[in-house]
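# Overview (structure and organization)
The residues making up each chain are set out below.
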Amino acid sequence: MDRFAPVLISILFLSLFLGGCGSAAKSVPDTEDTTSFDFDASLDRFVSASVPAGISVHDPSILKADGKYYIFGSHMAAAVSDDLRNWTYIGNGYKVSNPVFLDLMKNEEAFSYAGNKHSLIRTDDGGWHVWAPDVIYNRAMGKYVMYFCTSSTWNASNLCYAVSETPDGPYVWQGALIYSGFTEATLPHTDVLQYVKEDYAREHYMKSASEYNFDDYPNAIDPTVFYDHEGRMWMVYGSWSGGIFLLEIDENTGKVIHPAADEEHRVDPYFGKKLLGGGHHSIEGPYIIYNERTGYYELYVSYGGLNREGGYQIRVYRSKTVDGDYADMNGKYPGKNTDHANDGLKLSGNYMLPSLPVAYMATGHNSAFADDDGKRYLCFHTRFDNATEEHEVRVHQYFTNEEGWPCLLPYETNGETVTETGYPMEKMAGRYYIIDQGTAIDATIIEPVVIYLTEAGNVYDKYGKAGTWVAKEKSSFMHMEINGITYSGVFCEMKDEAGTDVFVFTAAGNNESLWGVKYDQ
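Treat the numbers as computed from the prediction; the structure is a model and nothing was measured.

With that out of the way, let us pick up the overall build of the protein chain. From N to C terminus, the protein chain includes three helices and 32 strands. Taken against the 2.2 N^0.38 rule, which gives 24 Å for 521 residues, the C-alpha radius of gyration of the protein chain at 24 Å falls within 12% of a compact globule. Considering only C-alpha atoms, the protein chain reaches an extent of 75 × 50 × 40 Å along its principal axes. Across the 521 residues in the protein chain, those meeting the buried criterion constitute 61%. Of all intrachain contacts in the protein chain linking residues separated by at least 6 positions in sequence, the fraction that spans at least 24 positions is 57%. Entry remark: accessible area of the protein chain is about 20200 Å², with carbon and sulfur atoms responsible for 48%.

In structure tokens form, the structure reads like this:
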């Protein structure tokens, strides 16, 4: 972020804005005494000497069961926690003895299409891949059901499912659900022709006899399953290739329900409803959760390449109906031929904040859940600015702003709660380290700069007056106009990564997330 440009706002607009939001600031003078403001953004004195190493579960999908939190991730990794911060492995790695998966690596049927050296589609390394599992408690079956994928090439994949009596397994493989990446030679070894005619499959699903139509149809990986607010069960899935797709699940069997074709509404009779993406643009790791407070379904996806410098990041869209259309803050969604960098509210990417010993990079592939007390969380993995591809799990609480958009807190959760009655002015005003996540998809690490929120409702950066802010009375909601963008968010008290008490705000505007961190100084 180069700087915050001054914002020119008419007196009439300000009076309406401040009055309508119930601001604690009663007037906004054009000038204030800023001679004592310190805009030095040095982080040396805030960096934690050491942060306990976290657990490495890639693509973590979170489940709460029996009063504990479980995460399941790629490469057959899984862990459990009592507090969303300290995790213990319950299984990890491609081995027959992995207790979460019952003999999966000996199951020839599970890998008959994709995933090992004996399969029809050979992997480059002759091995196998088990990616992105997601577990849900199926109310009708009375069992825990895991949805996951076996994969060979970058689009030859197979969605599968397994069941268990307990959340920690062992999960017993039940069968395959969806195939992708097939060719004329491998099509007969899939179930596709049970649902569409052969000429339809050839015309739509294949570019040629030897090439799958990956621009229009999905890579069958990254499944997540959820209940809608009416009690119906759905699976959202897909990675790059033709984008993100949605299929209904038969709650009684755990299997997918193939819909009738509806080309006008982007419904395919085998793969289901296309929600977002296509043209092999980066978009993957979909996760849908219904928000009772806002009445919206929130669709989270990740953009960019998953490696440390790939620009991996979390985006969110929303819809009033489970099957869309899902749109961002500007009413848009990425299609096959669109530059998707500006589409979707970007919640987290690469950033540095006070107390972090090293910058976080490639924060992505999240899951989400609402806890028993109504608090809402995102669980994701992050890499670091340490020249390696090491990754760890992080869980952050998120709130929705006054307009119902998710706003992610900047630090790992530690039991924080927002006030229902508002914060005093002396708590809200002051010196903040802020970062704007922007909308770029690249390796750039967003570094913090210093701004001041004054009690008169002004925002100052080192160049002078940069905008205005207001806090809604008797609530945690806040609004800020800065650099030509209006942000809406919340204030909250929490702890930074070193355990120091901080006061923060998290806000969203124009598909960008703005975070601010204030210390008592």
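Right, let's talk about the sheet that holds strand E31 (residues 501-509) for a bit. The eight strands are arranged E25-E26-E27-E28-E29-E30-E31-E32 in a closed barrel whose pairing can be described as antiparallel. Along the sheet, successive strands turn relative to each other by an average axial angle of 30°, direction set aside. Relative to strand E32 (residues 512-518), strand E25 (residues 430-436) runs antiparallel, the two sharing four bridges. Directly across from Asp436, in E32, lies its bridge partner Leu514.

This part is about the sheet that holds strand E6 (residues 143-151). In spatial order, the strands read E5-E6-E7-E8; together these four strands make up an open sheet with antiparallel pairing. One side of each edge strand has no neighbouring strand; the edge strands of this open sheet are strand E5 (130-138) and strand E8 (172-180). Neighbour-to-neighbour, the strand axes of the sheet open up by a mean angle of 20°, direction not taken into account.

With the rule as written, the count across this model stands at 20 salt bridges. A salt bridge links Arg202 to Glu184; the shortest N-O distance between them is 2.4 Å. Taken together, the residues span a long stretch of sequence, with Arg202 in helix H2 (residues 198-205) and Glu184 in the loop between E8 and H2 at a distance of 18 residues. Across the salt bridge formed by Glu389 and Arg383, the nearest N and O atoms sit 2.9 Å from each other. A single network of salt bridges, built from pairs that share partners, joins Lys64, Asp371 and Asp372.

Take Ile178: it is sitting in strand E8. Of the residues examined, Ile178 reaches a relative accessible area of 0% and is grouped as buried. With 73 residues separating them in the primary sequence, Ile178 and Glu251 have C-alpha atoms 17 Å apart.

To continue, consider the layout of surface pockets. Of the volumes computed, that of the largest pocket is approximately 700 Å³. Together, 24 residues line the largest pocket, and Ile136, Arg139, Ile289, Phe369 and Ala370 are the ones closest to its centre. At the level of elements, strand E1 (61-65), E5, strand E11 (224-227), strand E17 (284-291) and strand E21 (360-370) are the ones that each hand at least two residues to the lining of the largest pocket. Approximately 510 Å³ is the volume attributed to the second largest pocket. Here the lining of the second largest pocket takes four residues from strand E23 (residues 392-400), the largest share from any one element. When the residues that make up the lining of the second largest pocket are grouped by side-chain class, the tally is six nonpolar, eight polar and seven charged.

A separate point is empty space enclosed by the protein. Applying the stated criterion across every chain, the model contains two cavities of 30 Å³ or more. Within this model, the largest cavity holds a volume of roughly 50 Å³. Around the largest cavity sit Asp59, Pro60, Ser61, Ala132, Pro133, Pro223, Thr224, Tyr287, His365, Asn366 and Ser367, which together line it. Top element by residues in the lining of the largest cavity is E21. It accounts for three residues. Across the lining of the largest cavity, the residue classes break down as five nonpolar, five polar and one charged.

Fine structural detail should not be taken from predicted coordinates in areas where pLDDT scores are low. When pLDDT is averaged along the protein chain, the result is 91, and 90% of the positions lie at 70 or above. Confidence drops under a pLDDT of 50 for residues 1-28, and excluding neighbours within four residues, the segment shows 63 contacts in the predicted structure.

Position of Lys273 relative to the elements: it lies in strand E16 (residues 272-276). The buried charged residue Lys273 lacks any salt bridge, with Asp325 as its nearest oppositely charged partner at 4.3 Å. At 2.8 Å, the side chain of Lys273 and the backbone oxygen of Asp323 are in polar contact. In this structure, Lys273 is in contact with Ile244, Phe245, Leu246, His265, Arg266, Val267, Asp323 and Asp325, ignoring residues within four places of it in sequence.

Let us look at the state of the cysteines. Counting across every chain of the model gives zero disulfides. With no disulfide of its own, Cys149 lies closest to Cys160 among cysteine sulfurs, the gap being 8.0 Å.

With that settled, consider the nonpolar core. Judged by nonpolar contacts, the single largest core of 68 residues is most densely connected at Tyr300, Leu453, Trp469, Met480, Phe491 and Phe505. In this structure, Phe505 is in contact with Tyr432, Ile434, Leu453, Met478, Met480, Val490, Phe491, Leu514, Trp515 and Gly516, ignoring residues within four places of it in sequence. Listed in part, the 35 residues of the second largest apolar core include Tyr212, Phe245, Leu247 and Ile249.

The rules behind the values
Residues numbered from 1 in each chain as written. Predicted model: local features only at pLDDT ≥ 70, side-chain atom pairs only at ≥ 80, totals over all residues. Heavy atoms only, no water. Helix = DSSP H or I, 4+ residues; strand = E, 2+ residues; numbered from the N terminus. Rg over C-alpha atoms; globule rule 2.2 N^0.38 Å. Buried < 20%, exposed > 50% of the residue type's maximum accessible area, 1.4 Å probe, protein only. Contact = heavy atoms within 4.5 Å. Areas by Shrake-Rupley, 256 points an atom, 1.4 Å probe, with all protein chains shown as cover. Pairing = 2+ DSSP bridges. Axes fitted to C-alpha atoms, helices over the stretch in contact; angles between N-to-C directions. Salt bridge = Lys/Arg side-chain N within 4 Å of Asp/Glu carboxyl O. 1 Å grid on protein atoms, 1.4 Å probe; cavity = no way out; pocket = protein on both sides within 12 Å on 5 of 7 lines; lining within 4 Å. Points joined across faces, edges and corners; volume = space filled by probe spheres on them. Nonpolar A, V, L, I, M, F, W, Y, C, P; charged D, E, K, R; others polar. pLDDT = per-residue confidence, 0-100. Lys, Arg positive; Asp, Glu negative; His and termini not counted. Polar contact = N/O pair within 3.5 Å; in protein donor to acceptor, adjacent residues only side chain to side chain. Disulfide = S-S within 2.5 Å. Core = buried A, V, L, I, M, F, W, Y, C linked by side-chain atoms within 4.5 Å.

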